[in-house]
Amino acid sequence: MIRVNISEKSFGNLEVLGRIAFQIAPGETLAVSGPSGVGKSTLLRILAGLDTDFAGTVEGSNRVAFVFQEPTLLPWRSARANITLSTGVSNEKADQALEDVGLAGLGCRFPQKLSLGQRRRLSLARAFAAKPSLLLMDEPFVSLEPELAEEMLALTERLLAPARIATVLVTHTQAEAERLATRSYRLAGQPATLSEL
């Protein structure tokens with residue numbers, strides 16, 4: 001169980017996040033929507049442990065994987081190495097992760113030799129190969145053509161189903177929240193707080 005209890009997050013004199021408290025069980029997906037600049041990415045950075053300058057606690061997230069809006073891959077490393085270096089899994093498990101996302105046989109390819117859709121798949125493969133207790137997804141389907149977005153959404157749905165991972169998905173798309181989330185929240189206000197939809 002992931003337990004989040006944030007009482008305050010500020011940047012200088014600007015209080016960005018107010019009281020935010022929730023729990024996520026393994027297998028649950030929590031969707032978070034809200035206007036641009038309200039603090040959604042700040043919330044994800046706190047959950048990921050990348051921002052520790054806040055008042056409160058995040059418990060139970062001992063292994064975190066993050067899927068960003070744009071694939072954050074090492075361009076000088078192969079697809080397989082992008083997985084093994086960040087997760088510590090074996091080459092065999094990395095190859096299985098690639099196969100799971102439809103990239104079988106492409107382990108030796110470098111990111112620049114992969115299409116955008118393939119790079120997005122590689123990001124998913126890396127995240128799931130890490131066997132996280134908490135998966136964070138920051139608008140992972142943004143800027144994709146509708147057909148590719150649907151393909152990635154279906155793939156994510158398929159990967160999440162058996163994984164039993166607590167997941168937080170930031171999205172502006174109601175259809176994504178309806179398909180992937182077990183609960184939906186809106187982050188709004190100044191400072192921002194969560195309200196269930």
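Residues numbered from 1 in each chain as written. Predicted model: local features only at pLDDT ≥ 70, side-chain atom pairs only at ≥ 80, totals over all residues. Heavy atoms only, no water.

A. Structural view of the pattern of salt bridges. Tallying each qualifying case throughout the model produces seven salt bridges. Here Arg121 ties to Glu151 by a salt bridge, and the two come within 2.7 Å at their closest N and O atoms. Of this pair, Arg121 sits in helix 4 (residues 116-129) while Glu151 is found in helix 5 (residues 146-163), placing the two residues 30 residues apart along the sequence. Put simply, Glu150, Glu157 and Arg179 are held in one network by salt bridges that share partners. (Salt bridge = Lys/Arg side-chain N within 4 Å of Asp/Glu carboxyl O. Helix = DSSP H or I, 4+ residues; strand = E, 2+ residues; numbered from the N terminus.)

B. Seen up close, unusual backbone geometry. Cis geometry marks the peptide bond from Gln190 to Pro191; its omega dihedral reads 0°. A positive phi angle is found at Glu139, which is not glycine, with a value near 45°. You can see Glu139 is positioned in the loop between strand 7 (134-138) and helix 5. Classification of Glu139 as buried rests on a relative accessible area of 14%. In the Ramachandran plot, Arg164 falls in the positive-phi region, its phi being about 55° despite a non-glycine side chain. Mapped onto the elements of the fold, Arg164 is located in the loop between helix 5 and strand 8 (166-170). (Buried < 20%, exposed > 50% of the residue type's maximum accessible area, 1.4 Å probe, protein only.)

C. Layout of the sheet that holds strand 6 (residues 64-67). Pairing is mixed across the open sheet formed by six strands, whose spatial order is 6-7-8-4-9-10. Unpaired on one side and paired on the other, strand 6 and strand 10 (193-196) mark the two borders of the sheet. Each strand of the sheet is rotated relative to its neighbour by a mean of 20°, with strand direction disregarded. Pairing geometry for strand 4 (residues 29-33) and strand 8, over four bridges, is parallel. Bridged to Thr29 within strand 8 is Thr167. Each of strand 6 and strand 7 is contacted by helix 4, which is oriented at about 170° to strand 6, the strand it contacts most. (Pairing = 2+ DSSP bridges. Axes fitted to C-alpha atoms, helices over the stretch in contact; angles between N-to-C directions. Contact = heavy atoms within 4.5 Å.)

D. Region of interest: the pairing of strand 8. Summarising burial for strand 8: five of the five residues are buried, a large majority. Where burial is concerned, the two faces of strand 8 agree: the one with Ala166, Val168 and Val170 and the one with Thr167 and Leu169 are both buried. For strand 7 and strand 8, the ladder comprises five bridges, and the chain directions are parallel. Directly across from Leu135, in strand 8, lies its bridge partner Thr167. A crossover links strand 7 with its parallel partner strand 8, the connecting element being helix 5, and its sense is right-handed. (Right-handed = clockwise from strand over helix to strand, strands pointing away.)

By themselves, these are just geometric observations and shouldn't be taken as functional.
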